[in-house]
Amino acid sequence: MVIISAFKRALADALAIIEEISVPVNINDDKSMYELISSSIGTKFVSRWSELMCNLALKAVRTVSHEVGGGKKEVDIKRYARVEKIPGGEIEDSRVLDGVMLNKDITHPKMRRRIQNPRIVLLDCPLEYKKGESQTNIEISKEDDWNRILQIEEEQVKRMCDAILAVKPDLVITEKGVSDLAQHFLVKHNVTALRRVRKTDNNRIARATGATIVNRVDDLQESDVGTHCGLFEIEKIGDEYFTFITKCKKPKACTILLRGPSKDMLNEIERNLQDAMSVARNVMFHPRLSPGGGATEMAVSVRLAQKAKTIEGVQQWPYKAVAEAMEVIPRTLVQNAGSSPITVLTQLRAKHAEGQSTWGIDGDKGSIVDMKEYNVWEPEAVKLQSIKTAVEVSVTKIMQTYRAN
C-alpha cells in the first residue's frame, strides 16, 4: 500500500533526524551522567537529594554492568541491583554496598558474626536428614534397632557436613534448612551458617563473591568456593539483624541500602531511584543524548513538514500526519506551564526552521529556551523507540481497517 510505505519512509526520515540532532556522551564522565540523570528526577520527590540519588543510581548501574563477550554488554538492574529499605535514619545515610545485604541472622549463637576474607560455600540443598519420598513404615522389635535408625540419620548428616568441611569454608549459605545436628558439626569447626536464603539473593551472592551454587554437597569442589568477599559481618539495625557481605573484588551485583523516616517515603524514593537507574542503564547501552523539553519532537515535526512539500501525491499526507502528531509534546508542555500554545509554538517553530534544533520548552516558565544551556537531555534510545512504536502501531491500525473493509 502506498500510504503504509509512506509512513515507513517518514519513520526512517524521523529516525535519521533524531540521529542527526543527538550528541554522543562519555559514560565514564561523572559530570555528564549526573546532568542526564538529574533531569529525569528533577520534578520528583527526591529532587532535593538530586546529587545523592544520581550517585546511587550511577554507582549501582556501573557495578552490575559487565561485558558478556562479542562486544555485548549486560546491565541487569532488576536481578542484580536490589533495593533494601530500612526505616529509620536519614536519607543521606543511603548508600550502594560493594556486595550484598540480607535480612538474616546466624543459625547458632556460637557462630562467628564477623569474618574477614571468608571462604563462602553456596548450597541449594538442605543440611538435614532426608526423609523418604513415599510413606515408609518401620517395625522395630529390639531397642538396638531404634538406636541404629537414629545413628543412621546422624551418619547421613555428618557425611554431608564432612563433604562441606573438606573445602574448608568459613561461611555456608543454603536456600533450604539446616538441622540442629548440622549446626553442631559446623560450630565445632568454627563455620558460620545462614539458612533459608532466597534464590534471588543467593544468585546475587554468587555473582558478587565468585562462588557457584551447588545442588549436592557431594559435588562440591575447590572452584565452587567464593573468595572475592573481603568482609562478612552481621549488624543490628533497629530490632532486626542484617547480614553484610561486602568489600567484594569487582562485584557484579550490589545492594542499594535506602534509609528514611517512614515506609511510605522509602517506597517513593525507591520508585524515583528505579527511574534514575533505568536512564543510566539506557545510556550505557546507547551512549547518545537527544535534547529534551520537546526540542527533539519539534525538530522532527518541522523537518518532516518541510520534506512533505517536496513529495507529490498521496505520499505527502503520512509525512504531514507524523509532523502534526509530533507537535503534541511541546504543545502539552506549554499548556502545563500555563502559557499560550499558539504564540510559544510559533516562536519555537521559527527557531527550528532556522536550524536551531536544540531549542525546546522551559517547563517552569512556558517560554522557549536552548536545551544546551538549560541542560535538559534525554537518552536517544528512548526517543527512537517511542517514535518507532507510534508509527508501527499506526501502520498496524491502517492494515486492520483495510482488511475489515
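Worth saying up front: this structure is predicted, and the values here are computed from it rather than measured.

### Focus on the packing of aromatic side chains
Piece 1. For the structure shown, the criterion picks out one aromatic pair.
Piece 2. Above the ring of phenylalanine 185, the side-chain terminus of lysine 158 is found at 5.7 Å from the ring centroid.
Piece 3. A cation over a ring is seen here: arginine 207 above tyrosine 80, with NZ or CZ 3.7 Å from the ring centre.

### Side note on the layout of surface pockets
Gaps left between atoms are located by rolling a probe of water-molecule size over the structure's atoms.
Piece 1. Estimated volume of the largest pocket: approximately 860 Å³.
Piece 2. Lining the largest pocket are 37 residues; nearest its centre among them are Gly293, Gly294, Leu333, Val376 and Glu378.
Piece 3. Among the elements of the structure, helix H2 (30-41), helix H8 (263-285), helix H10 (316-326), helix H11 (328-336), helix H13 (371-374), strand E18 (377-379) and helix H14 (380-404) are those that each provide at least two residues to the lining of the largest pocket.
Piece 4. Examining the composition of the lining of the largest pocket, we find that six residues originate from one element, H14, more than from any other.

### Topic: the sheet that holds strand E1 (residues 23-24)
Piece 1. Sheet architecture is open: three strands sit in the order E1-E15-E18, paired in antiparallel fashion. At either end of the open sheet lies a strand with only one pairing partner, and these are E1 and E18.
Piece 2. Relative to strand E15 (residues 288-291), E1 is paired through two bridges, and the arrangement is antiparallel. Considered in E15, the bridge of valine 23 is made with leucine 289.
Piece 3. Packed on one face of the sheet, H14 meets E15 and E18 and runs near 65° to E18.

### Focus: the pattern of salt bridges
Piece 1. One pass over the structure, following the stated rule, counts 29 salt bridges.
Piece 2. Put simply, arginine 207 and glutamate 74 hold a salt bridge, and the shortest N to O gap is 2.9 Å. In this pair, arginine 207 sits in helix H7 (residues 199-209) while glutamate 74 sits in strand E3 (residues 72-75), placing the two residues 133 residues apart along the sequence.
Piece 3. Arginine 207 sits in the buried class, given a relative accessible area of 19%.
Piece 4. A residue is classified by how much of its surface remains accessible, and glutamate 74, at 27% relative accessible area, is partly exposed.
Piece 5. Through salt bridges with shared partners, a single network forms among Asp124, Glu175, Lys176 and Lys199.

### Section: the environment of isoleucine 115
Piece 1. Positionally, isoleucine 115 belongs in strand E7 (residues 114-116).
Piece 2. For the pair isoleucine 115 and glutamate 240, spaced 125 residues apart in the sequence, the C-alpha separation amounts to 20 Å.
Piece 3. Apart from the residues lying within four places of it in its own chain, the contact partners of isoleucine 115 are Asp170, Thr192, Gly230, Leu231 and Phe232.

### Quick look at the sheet that holds strand E11 (residues 213-214)
Piece 1. Strand order in the open sheet formed by four strands is E10-E9-E8-E11, and the pairing between neighbours is parallel. This sheet does not close on itself; its edge strands, each paired only once, are strand E10 (192-194) and E11.
Piece 2. When strand E8 (residues 120-123) meets E11, the two strands line up parallel, connected through two bridges. From the neighbouring strand, leucine 123 faces E11, where its bridge partner is valine 214.

### A short note on a nonpolar patch on the surface
Piece 1. A contiguous nonpolar surface patch, about 380 Å² in accessible area, is contributed by Val2, Ile3, Val314 and Trp317.
Piece 2. In this fold, valine 314 is placed in the loop between helix H9 (295-308) and H10.

### Concerning the confidence of the model for the protein
Piece 1. Confidence along the protein averages 88 in pLDDT terms, with 99% of residues attaining 70 or more.
Piece 2. Predicted confidence in the protein is weakest over strand E2 (residues 65-69), with a mean pLDDT of 80, and strongest over E8, with 94.

### Brief notes about the pairing of strand E9 (residues 171-174)
The side chains of a regular strand alternate, residue by residue, between the two faces of the sheet.
Piece 1. What you see with E9 is no split at all: Leu171 and Ile173 on one side and Val172 and Thr174 on the other are buried throughout.
Piece 2. Pairing analysis gives four bridges linking E8 to E9, with the strands arranged parallel. Of the residues in E9, the one forming a bridge with leucine 122 is isoleucine 173.
Piece 3. Looking at chain direction, E9 and E10 are connected through three bridges and run parallel. Bridging across to E10, valine 172 finds its partner in alanine 193.

### Topic: unusual backbone geometry
Piece 1. Of note, arginine 196 is a non-glycine position whose phi angle comes to about 50°, a positive value.
Piece 2. With respect to the element layout, arginine 196 can be found in the loop between E10 and H7.
Piece 3. Its identity as a non-glycine residue notwithstanding, lysine 250 has a phi of 45°, on the positive side.
Piece 4. Relative to the helices and strands, lysine 250 is located in the loop between strand E13 (240-246) and strand E14 (254-260).
Piece 5. Lysine 250 sits in the exposed class, given a relative accessible area of 73%.

What counts and what doesn't
- Residues numbered from 1 in each chain as written.
- Predicted model: local features only at pLDDT ≥ 70, side-chain atom pairs only at ≥ 80, totals over all residues.
- Heavy atoms only, no water.
- Phe/Tyr/Trp six-rings, centres within 6.5 Å; stacked < 30°, edge-to-face > 60°.
- Lys NZ or Arg CZ within 6 Å of the ring centre and 35° of its normal.
- 1 Å grid on protein atoms, 1.4 Å probe; cavity = no way out; pocket = protein on both sides within 12 Å on 5 of 7 lines; lining within 4 Å.
- Points joined across faces, edges and corners; volume = space filled by probe spheres on them.
- Helix = DSSP H or I, 4+ residues; strand = E, 2+ residues; numbered from the N terminus.
- Pairing = 2+ DSSP bridges.
- Contact = heavy atoms within 4.5 Å.
- Axes fitted to C-alpha atoms, helices over the stretch in contact; angles between N-to-C directions.
- Salt bridge = Lys/Arg side-chain N within 4 Å of Asp/Glu carboxyl O.
- Buried < 20%, exposed > 50% of the residue type's maximum accessible area, 1.4 Å probe, protein only.
- Patch = residues over 30% accessible without salt bridge, like charges linked within 9 Å, V, L, I, M, F, W, Y side chains within 5 Å.
- Areas by Shrake-Rupley, 256 points an atom, 1.4 Å probe, with all protein chains shown as cover.
- pLDDT = per-residue confidence, 0-100.

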